[in-house]
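Listed below, chain by chain, are the residues.
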Amino acid sequence: MDTFIGRTAFITGGARGIGLGIARACARAGTTLALVDIDEDALAQAKTELSELTRTETYVLDVRDREAYARVADQVESDLGVVSLLFNNAGVTDIISPAQMDYAVWDWVMGVNIGGIYNGMQTFVPRMISRGGDSYIVNSASAAGLVFANTGFPYQASKFAVVGLTETLHAELAGYGIGISLLLPGPVATDIVRNAQRLRPEHAPAQSQKVADKLENAHGILNHIGVSIDEVGQLTLDAIREERFYIPTDDSVATALTARTEALLAAMSSARHVPEFAGWAQSPHR
């Protein structure tokens, strides 16, 4: 993809955080914007800012709602034209003790973080294929989708799922002329922790003071050492231009990732040998 001029980008979680950073980068590159978010007030603020750079329309959507997703997609393409850039970025985080395992928290985190991404894929990929490709998708996972990061088991499970889904589709979508990349943010200066606390399901178990303090500490760390959202946005567009699959925002998990890989390889060294067959276990990213 050598130009973003004249294209329409559909960005979930586009009113704030990484989504806003991506929107700003797209706007500077001449892309028309469809910003999608659950926060109507934040959407209005983002539209005011970005409309000075490019045509920007906003749409309120809970990405878990499949029927609403399809309706919004239809409206966007009626308003702005064919969507050829899809940024599946909306996400939430939560920490809960295993002693408080709860379906409300699990369904919420998984519904937004992996269900929302799949809903975006199922809504737009058939359209992209029918139009002959020439499209690009970026799915936002996390460095916490690669290694244990002590960010809560529902969140980490959802991000591991995003990694697996996106890696699997990479080779398959290439055959249709559709590119895809996997955004792997480490610490980024956003308000995701506080926003997620505000949106937390009403019937979720109350968090202990220890967990509340941990989350507030995480918010402080992210905004102290985190990469800026604008840097992540530009990094993402550069990766699309260069067709790079993995888009890490930093190297914060490099040591842990090396240790995990070495532990897996060590475990396999004593396992029964079975030759690779029909592409099994062969990375499409080599």
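For the structure, check the block above.
Throughout this description, residue numbers start from 1 for each chain and increase along the sequence as written. The model is predicted, so local features are restricted to residues of pLDDT at least 70 and side-chain atom pairs to those at 80 or more, both for listing and for counting; the totals for chains, interfaces and linings are taken over all residues. Hydrogens are left out, water is left out, and the side-chain values use all remaining heavy atoms of the structure.

### Focus: the overall build of the protein chain
The helix and strand tally for the protein chain stands at nine helices and seven strands. Over its C-alpha atoms the protein chain spans a radius of gyration of 19 Å, differing by no more than 12% from the 19 Å that the globule rule assigns to 286 residues. With the C-alpha coordinates of the protein chain rotated into their principal frame, the extents come out at 55 × 50 × 35 Å. Scored against the burial criterion, the 286 residues of the protein chain give a buried share of 48%. Taking the intrachain contacts of the protein chain between residues at least 6 apart in sequence as the baseline, contacts between residues at least 24 apart amount to 71%. Put simply, the protein chain shows about 14,200 Å² of open surface, and 54% of that area lies on carbon and sulfur atoms. In summary, the charge assignment counts Lys and Arg as positive and Asp and Glu as negative, without counting His or the chain termini. The location of each charge is read from NZ of Lys, CZ of Arg, CG of Asp or CD of Glu. Side chains of the protein chain give 22 positive and 33 negative charges; the mean places of these two sets differ by 2 Å. Under the scheme used here, helices are H or I runs from DSSP no shorter than 4 residues and strands are E runs no shorter than 2 residues, and both carry numbers assigned from the N terminus. The globule rule used for comparison is 2.2 Å times the number of residues to the exponent 0.38, while the radius of gyration itself is calculated over C-alpha atoms. For each residue, the accessible area found with a 1.4 Å probe, counting protein chains only, is set against the maximum for its type, and the residue is called buried under 20%, exposed over 50%, and partly exposed in between. Contacts are residue-level and defined by heavy atoms, with any inter-residue pair within 4.5 Å sufficient. Here, Shrake-Rupley sampling with a 1.4 Å probe gives the accessible areas, and only protein chains in the shown set may cover a residue.

### Re the environment of Gln207
Relative to the elements of secondary structure, Gln207 occurs in the loop between α6 (192-199) and α7 (209-225). C-alpha of Gln207 to C-alpha of His170: the two residues are 37 residues apart in sequence and 38 Å apart in space. Once you skip the residues sitting within four places of it in the chain, Gln207 turns out to touch Asp94, Ile95, Gln197, Arg200 and Leu215. By the criterion applied in these results, polar contacts are pairs of N or O atoms within 3.5 Å in which, for protein atoms, one can donate a hydrogen and the other can accept it, and in which residues neighboring in sequence qualify only through two side-chain atoms. Polar side-chain contacts of Gln207 include one of 3.4 Å to the backbone oxygen of Ile95.

### With respect to a nonpolar patch on the surface
On the surface, a nonpolar cluster with roughly 310 Å² of combined accessible area is contributed by Met101, Trp106 and Phe153. Tracing the backbone through its elements, the reader meets Phe153 in helix α5 (residues 153-174). With a relative accessible area of 33%, Phe153 lands in the partly exposed category. Patches were defined on residues exceeding 30% relative accessible area and lacking a salt bridge, with like-charge contacts within 9 Å and nonpolar side-chain contacts (Val, Leu, Ile, Met, Phe, Trp, Tyr) within 5 Å. Just to be clear on terms, a salt bridge is a Lys or Arg side-chain nitrogen sitting within 4 Å of an Asp or Glu carboxyl oxygen.

### What about the packing of helix α3 (residues 66-80) against helix α4 (residues 103-130)?
For helices, the fitted line uses only the C-alpha atoms of the stretch in contact; every axis is such a line through C-alpha atoms, and the angle between N-to-C directions lies from 0 to 180 degrees. At a minimum axis separation of 10 Å, α3 and α4 run at an interaxial angle of 45°. When the axis of α3 is compared with that of α4, the two are oblique. In this structure, the crossing between α3 and α4 has a hand that is right-handed. Taken together, the residues of α4 that come into contact with α3 (itself represented by Arg66, Tyr69, Ala70, Ala73, Asp74 and Glu77) are Gly116, Asn119, Gly120, Thr123, Phe124 and Arg127. Residue polarity is assigned by list, with Asp, Glu, Lys and Arg as charged and Ala, Val, Leu, Ile, Met, Phe, Trp, Tyr, Cys and Pro as nonpolar; anything else, Gly included, falls into the polar class. Of the residues in the contact of α3 with α4, the class split is four nonpolar, four polar and four charged. Angular relationships are summarised with four words: roughly parallel below 35 degrees, roughly antiparallel beyond 145, roughly perpendicular across 65 to 115, and oblique for the angles in between. Throughout, a crossing is termed right-handed when the near helix is turned clockwise from the far one, and left-handed when it is turned anticlockwise from it by less than a right angle.

### A few points about the nonpolar core
Joining through side-chain atoms within 4.5 Å is the link that ties buried Ala, Val, Leu, Ile, Met, Phe, Trp, Tyr and Cys residues into a set, and such a set is a nonpolar core. With 44 residues, the main nonpolar core has Phe10, Val76, Phe124 and Ile137 as its most contacted residues. Among the elements of the structure, β2 (32-37), α3, β4 (83-88), α4, α5 and β6 (178-184) are those that each provide at least two residues to this core. The element best represented in this core is α4, accounting for 11 residues. Among the nonpolar cores identified, the runner-up in size contains 32 residues, and Ala15, Ala25, Leu43 and Ala46 belong to it.

### Notes on the packing of aromatic side chains
The geometry of an aromatic ring pair comes down to the distance between the two centres and the angle between the two planes. Only rings of Phe, Tyr and Trp enter the pairing, Trp through its six-membered ring, and a pair is recorded when the two centres are within 6.5 Å. The plane angle decides the type: under 30 degrees is stacked, over 60 is edge-to-face, the rest tilted. Under the criterion given, the structure shown has three aromatic pairs. If you follow Arg127 out to its NZ or CZ, it ends over the ring of Phe124, 5.6 Å from the centre. Lysine and arginine charges are scored as sitting over a ring when NZ or CZ, respectively, is within 6 Å of the ring centre and within 35 degrees of the ring normal.

### Overview of empty space enclosed by the protein
Buriedness of a pocket was judged along seven lines, with at least five required to meet protein on both sides within 12 Å; pockets are open sets of points on a 1 Å grid over the protein atoms alone, cavities are sets where a 1.4 Å probe fits but cannot get out, and lining residues have an atom within 4 Å of a point. Grid points are joined across faces, edges and corners, and a volume is the space filled by probe spheres set on the points. Throughout the structure, instances matching the rule amount to one cavity of 30 Å³ or more. Estimated volume of the largest cavity: approximately 30 Å³. As for the largest cavity, its lining consists of Thr12, Val63, Asn88, Asn89, Ala90, Val112, Gly116 and Ile117. In terms of residue count, α4 provides more of the lining of the largest cavity than any other element does, three residues in total. Of the residues in the lining of the largest cavity, the class split is four nonpolar, four polar and no charged.

### Regarding the pairing of strand β3 (residues 56-60)
Strand pairing is assigned whenever DSSP detects at least two bridges linking the two strands. The pairing of β2 with β3 spans five bridges and is parallel. In the sheet register, Ala34 faces β3, and the bridge partner there is Glu57. Handedness of a crossover is defined as follows: with both strands directed away from the viewer, a clockwise route from the first strand across the helix to the second makes it right-handed. Between β2 and its parallel partner β3, the chain crosses via helix α2 (residues 40-50), and the hand of that crossover is right-handed.

### Quick notes on the sheet that holds strand β1 (residues 8-12)
Through backbone hydrogen bonds, the strands of a sheet pair up, either in parallel or in antiparallel fashion. Read from one edge of the open sheet, seven strands run β3-β2-β1-β4-β5-β6-β7, paired in parallel fashion. Taken across any chain shown, the strands that pair with only one partner, and hence form the sheet edges, are β3 and β7 (246-248). Between one strand axis and the next, the sheet turns through 20° on average, direction left out of account. As paired elements, β6 and β7 share three bridges and run parallel to each other. Bridge pairing in β7 places Leu182 opposite Tyr246.

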